[in-house]
Amino acid sequence: MGFARACSVALVGVEGVVVEVQADLEPGVAAFTLVGLPDKSLIESRDRVRAAVVNSGAEWPQKKLTVGLSPASVPKAGSGFDLAVACAVLGAAERIDPAAIADVVMIGELGLDGRVRPVRGVLPAVLAAAEAGYEQVVVPEQTAGEAALVPGISVLGVRSLRQLIAVLGDEPVPDEPVPERGRPDTMLSGLLVPGAGVGSGLAAHGARDAGHRPDMADVAGQVRARKALEVAAAGGHHLLLSGPPGAGKTMLAERITAILPPLTRRESLEVTAVHSVAGILPPGEPLVGRPPYCAPHHSATMQSLIGGGNGLPRPGAVSLAHRGVLFLDEAPEFSGRALDALRQPLESGHVVVARAAGVVRLPARFLMVLAANPCPCGRHTLAGAGCECPPSAIRRYQARLSGPLLDRVDLRVEAEPVSRADLLGSGSRGESSAEVAVRVREARARAAARLAGTPWSTNSEVPGHELRTRLLAAPGALMAAERDMERGLLTARGLDRVLRVAWTVADLRAADRPDASDIAVALELRTGLHRGAVAGAIAS
C-alpha cells in the first residue's frame with residue numbers, strides 16, 4: 001500500500017484554507033475516487049491529472065486510487081488542486097519522494113499535455129499558506145511574481161508537470177517551449193474573467209492607464225464641486241454630485257483617483273488579493289499600486305454590487321472598489337434594493353454575504369461617488385430650460401435615493417451648468433490633479449499622525465464617540481451644527497459626519513483642530529445649502 005500527501009488551498013471568498021491532498025494506493029481493480037466535497041470542475045480533475053501524468057512521461061498506477069481533500073467539511077472549487085493531486089498520486093506510486101512534497105503547497109491547473117496553467121486567486125492562497133506556517137509553494141510560472149509578493153515564503157514557478165517532477169527528484173530540468181515574443185500566451189486566459197475588462201466598469205486602475213490619464217485641469221468651471229472632490233479625497237468622504245446633464249459630474253468622478261494618494265503596501269496586497277480572485281488582475285501587473293475605480297452600469301443587480309453568484313459568493317463591485325472609488329452614475333436609475341444594500345458596507349467597511357453554501361466576509365472600504373440628475377428630464381434646475389416634469393414625478397425620482405442612504409453621504413454638491421467663458425477657455429484654468437494631490441497627501445499625513453496608535457487612518461473612519469470626547473473642535477465651533485440639529489436638519493449620524501468633514505477641512509488648511517469656519521464649510525457641504533462658507537474657504 002502506498003500513501004503520500006501534498007497541500008493546496010481552497011478559497012472561501014478572498015480568504016484561503018489550507019487543504020491536505022492525500023493519495024492512497026491499494027491492490028484492486030484500477031479506479032480513481034476523489035472525495036472531500038469537490039465541485040464539478042474539481043471532479044473533472046481526475047481525467048486531467050491522469051492524462052497530464054501519462055503525457056509527462058510518468059507511469060499511471062494501475063491500482064485502486066483514492067484521493068481525499070481534507071478537511072472534508074470545507075467546499076472545494078476550481079481547478080487549482082490539479083498540481084497537488086498529481087504530485088500526491090506520484091508520491092504514493094513512489095515516482096517521487098513523499099517526504100519531498102509533504103509540506104509543500106501546490107497551486108495550479110494541469111493541461112492534458114502536462115503544462116501547468118495559471119489560476120485566479122494565487123495571492124490570497126499564498127497568504128493563507130504563509131499564515132498557516134508553510135514556507136514553500138509551487139505555482140504556475142506566470143503567477144510566480146504574484147506569489148512572491150508574500151514575504152517569508154519560497155516560491156517555485158513551473159511551466160509543466162515534468163519540470164516539477166525533475167526538481168523534486170533532483171533530475172535535469174527539461175526546457176519547455178515559451179511563446180514567441182509578440183505573440184499572445186494562451187496560458188494566461190485562465191487569469192481573466194471574460195467581460196471583466198475596461199468596458200465593464202470593473203477594470204483595475206492599471207488597465208485604465210494605457211491611454212490619456214484624466215486630469216482635474218480638464219474640468220471647466222465647477223469650483224465648488226472641485227473643492228468637494230478635494231475634501232472627499234483627503235478624508236475618504238462619500239460624495240453626491242447632482243446637477244443637469246452635461247455639467248461635468250462624470251468628468252469629476254473619473255478624476256478623483258488621480259488625486260488620491262498611492263496605496264500602502266498593506267492596502268496594495270488587500271486590493272490585489274480581491275482582484276486576483278475576481279479575475280481582473282492584469283497579466284504582468286502582480287501588484288495594484290493605485291486605488292481602483294469601479295463604475296458599474298445602473299442596470300447592475302444587487303448581487304453584482306454586493307457579491308453573490310452560484311455556490312460560494314464571489315466579490316461584487318463594492319469589493320472590487322476596496323481602497324478605491326465606487327462611482328454610481330445615474331444613481332436614481334439603480335434599483336432601490338441594490339442601493340439600500342450599500343448601507344451596511346458604507347458603515348462597516350466590509351460586507352457579509354450569506355448563502356446556502358456558506359457565509360463569506362468580503363472587504364468593502366471604498367469612497368462612494370453618486371451622480372444624479374434633478375429630475376427625469378434633467379432640466380429642473382435650469383432657468384428657462386423648459387422642464388415639463390410634474391412635481392409628483394420629480395419627487396418620485398429624487399426619492400429613489402432613500403433617506404438612510406443619503407444620511408451616509410458626507411458631501412452633497414450641485415454641479416452648476418458650465419458657462420460659455422469657462423467652456424471656451426476665456427475663464428481661469430483650474431488646478432491640475434498633481435497640484436491637488438499634493439494637498440490631499442499632506443492632509444492625509446496629518447490625519448494619520450493624529451490617529452497613530454488607533455485602528456483608523458482617515459477622518460471618515462473615526463467613530464463619533466471619539467470625535468465628541470477625545471478629538472474635540474475649538475470651543476464654540478459647534479454652535480451652528482447644534483442649531484441645525486434642533487431644527488431637524490441634522491441627525492446624530494449627520495453631526496458625526498459633519499465633525500469628520502470639519503477635521504478634513506482643517507487638515508487641508510494645516511490647522512490643529514476645526515474652528516467655526518471649518519464647521520460652517522462642513523455643514524454647507526453636508527446639507528447642500530449655500531451659506532457662503534465654501535466660497536469663503538476657496539477665496540482664502
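Remarks on the pairing of strand E3 (residues 31-35)
Each regular strand carries side chains that alternate between the two faces of the sheet.
For step 1, the next point in the chain: Burial along E3 is one-sided: the face carrying Phe32 and Leu34 is buried and the face carrying Ala31, Thr33 and Val35 is not.
For step 2, the next point in the chain: Judged from the five bridges that link them, E3 and strand E4 (residues 64-70) form a sheet pairing that is parallel. Residue Val35 lies in a different strand from E4, and its bridge partner there is Gly68.

With respect to the environment of Leu127
For step 1, the next point in the chain: Checked against the element boundaries, Leu127 lands in helix H5 (residues 122-131).
For step 2, the next point in the chain: Owing to a relative accessible area of 24%, Leu127 belongs among the partly exposed residues under this scheme.
For step 3, the next point in the chain: Between the C-alpha atoms of Leu127 and Ile259, which are 132 residues apart in sequence, the distance is 30 Å.

Side note on helix H10 (residues 265-278)
For step 1, the next point in the chain: The terminal C-alpha atoms of H10 lie 20 Å apart, and with 14 residues this matches the ideal 20 Å at 1.5 Å per residue to within 8%.
For step 2, the next point in the chain: The element H10 is largely enclosed, with a buried count of eleven among its 14 residues.
For step 3, the next point in the chain: Turning to H10, its buried residues are Glu267, Ser268, Leu269, Val271, Thr272, Ala273, Val274, His275, Ser276, Val277 and Ala278.
For step 4, the next point in the chain: Buried residues along H10 sit against strand E1 (2-12), H5, helix H6 (144-147), strand E13 (314-315), helix H12 (317-320) and strand E16 (358-363).
For step 5, the next point in the chain: Gly279 sits one or two positions beyond H10 and adopts a positive phi of about 80 degrees.

A closer look at the sheet that holds strand E10 (residues 239-242)
For step 1, the next point in the chain: Pairing is parallel across the open sheet formed by five strands, whose spatial order is E11-E14-E17-E10-E18. Strand pairing shows two members of the sheet lacking a second neighbour, strand E11 (293-294) and strand E18 (411-414), which therefore form its edges.
For step 2, the next point in the chain: Two strands pair when backbone bridges link them, and strand E14 (residues 325-328) and strand E17 (residues 367-372) are joined in this way by four bridges, in the parallel orientation. Bridge pairing in E17 places Val325 opposite Leu367.

Description of the pattern of salt bridges
Between side chains of opposite charge, pairing is possible as soon as their charged atoms come close.
For step 1, the next point in the chain: Counted under the stated rule, the structure contains 30 salt bridges.
For step 2, the next point in the chain: Its salt-bridge partner being Arg439, residue Glu431 comes within 2.8 Å of it at the nearest N-O pair.
For step 3, the next point in the chain: Note on Glu431: relative accessible area 32%, which makes it partly exposed.
For step 4, the next point in the chain: Where salt bridges share partners, they join Glu347, Asp407, Arg408, Asp410, Arg493, Arg497 and Arg526 into one cluster.

A look at the pairing of strand E8 (residues 136-140)
For step 1, the next point in the chain: Most of E8 sits out of view: four of its five residues are buried.
For step 2, the next point in the chain: Summarising the sheet, E8 and strand E9 (residues 154-158) pair through five bridges and their orientation is parallel. The residue of E9 that forms the bridge with Gln136 is Ser154.

A word on the packing of aromatic side chains
Two descriptors summarise a pair of aromatic rings, namely the distance from one centre to the other and the angle between the planes of the rings.
For step 1, the next point in the chain: One pass over the full model with this rule turns up two aromatic pairs.
For step 2, the next point in the chain: The interplanar angle of 40 degrees and the centroid separation of 5.6 Å between the aromatic rings of Phe32 and Trp60 together place this pair among those described as tilted. Linking Phe32 in strand E3 with Trp60 in the loop between helix H2 (45-55) and E4, this pair joins segments that are 28 residues apart in sequence.
For step 3, the next point in the chain: For Phe32, a relative accessible area of 10% translates into the label buried.
For step 4, the next point in the chain: Accessibility expressed as a relative area gives 10% for Trp60, which makes it buried.

Considering the packing of H2 against helix H3 (residues 82-92)
For step 1, the next point in the chain: Remark: H2 packs on H3, axes separated minimally by 10 Å, with the N-to-C direction vectors making an angle of 60 degrees. The angle between H2 and H3 falls in the class oblique. Crossing geometry of H2 relative to H3 is assigned as right-handed. In contact with Ser45, Arg48, Val49 and Val53 of H2, H3 contributes Asp82, Val85, Ala86 and Leu90.
For step 2, the next point in the chain: Taken together, the residues that form the contact of H2 with H3 break down as five nonpolar, one polar and two charged.

Considerations on the side chain of Ser160
For step 1, the next point in the chain: Mapping Ser160 onto the fold places it in the loop between E9 and helix H7 (161-168).
For step 2, the next point in the chain: The exposure class of Ser160 is buried, given its relative accessible area of 0%.
For step 3, the next point in the chain: Among the polar contacts made by the side chain of Ser160, one reaches the side chain of Glu176 at a distance of 2.8 Å.
For step 4, the next point in the chain: Here Ser160 is in contact with Gly114, Arg115, Val116 and Glu176, once residues within four sequence places are set aside.

So, how was this worked out
- Residues numbered from 1 in each chain as written.
- Predicted model: local features only at pLDDT ≥ 70, side-chain atom pairs only at ≥ 80, totals over all residues.
- Heavy atoms only, no water.
- Buried < 20%, exposed > 50% of the residue type's maximum accessible area, 1.4 Å probe, protein only.
- Helix = DSSP H or I, 4+ residues; strand = E, 2+ residues; numbered from the N terminus.
- Pairing = 2+ DSSP bridges.
- Expected span 1.5 Å × (residues − 1).
- Contact = heavy atoms within 4.5 Å.
- Salt bridge = Lys/Arg side-chain N within 4 Å of Asp/Glu carboxyl O.
- Phe/Tyr/Trp six-rings, centres within 6.5 Å; stacked < 30°, edge-to-face > 60°.
- Axes fitted to C-alpha atoms, helices over the stretch in contact; angles between N-to-C directions.
- Parallel < 35°, antiparallel > 145°, perpendicular 65-115°, else oblique.
- Left-handed = near helix turned anticlockwise from the far one by under 90°.
- Nonpolar A, V, L, I, M, F, W, Y, C, P; charged D, E, K, R; others polar.
- Polar contact = N/O pair within 3.5 Å; in protein donor to acceptor, adjacent residues only side chain to side chain.

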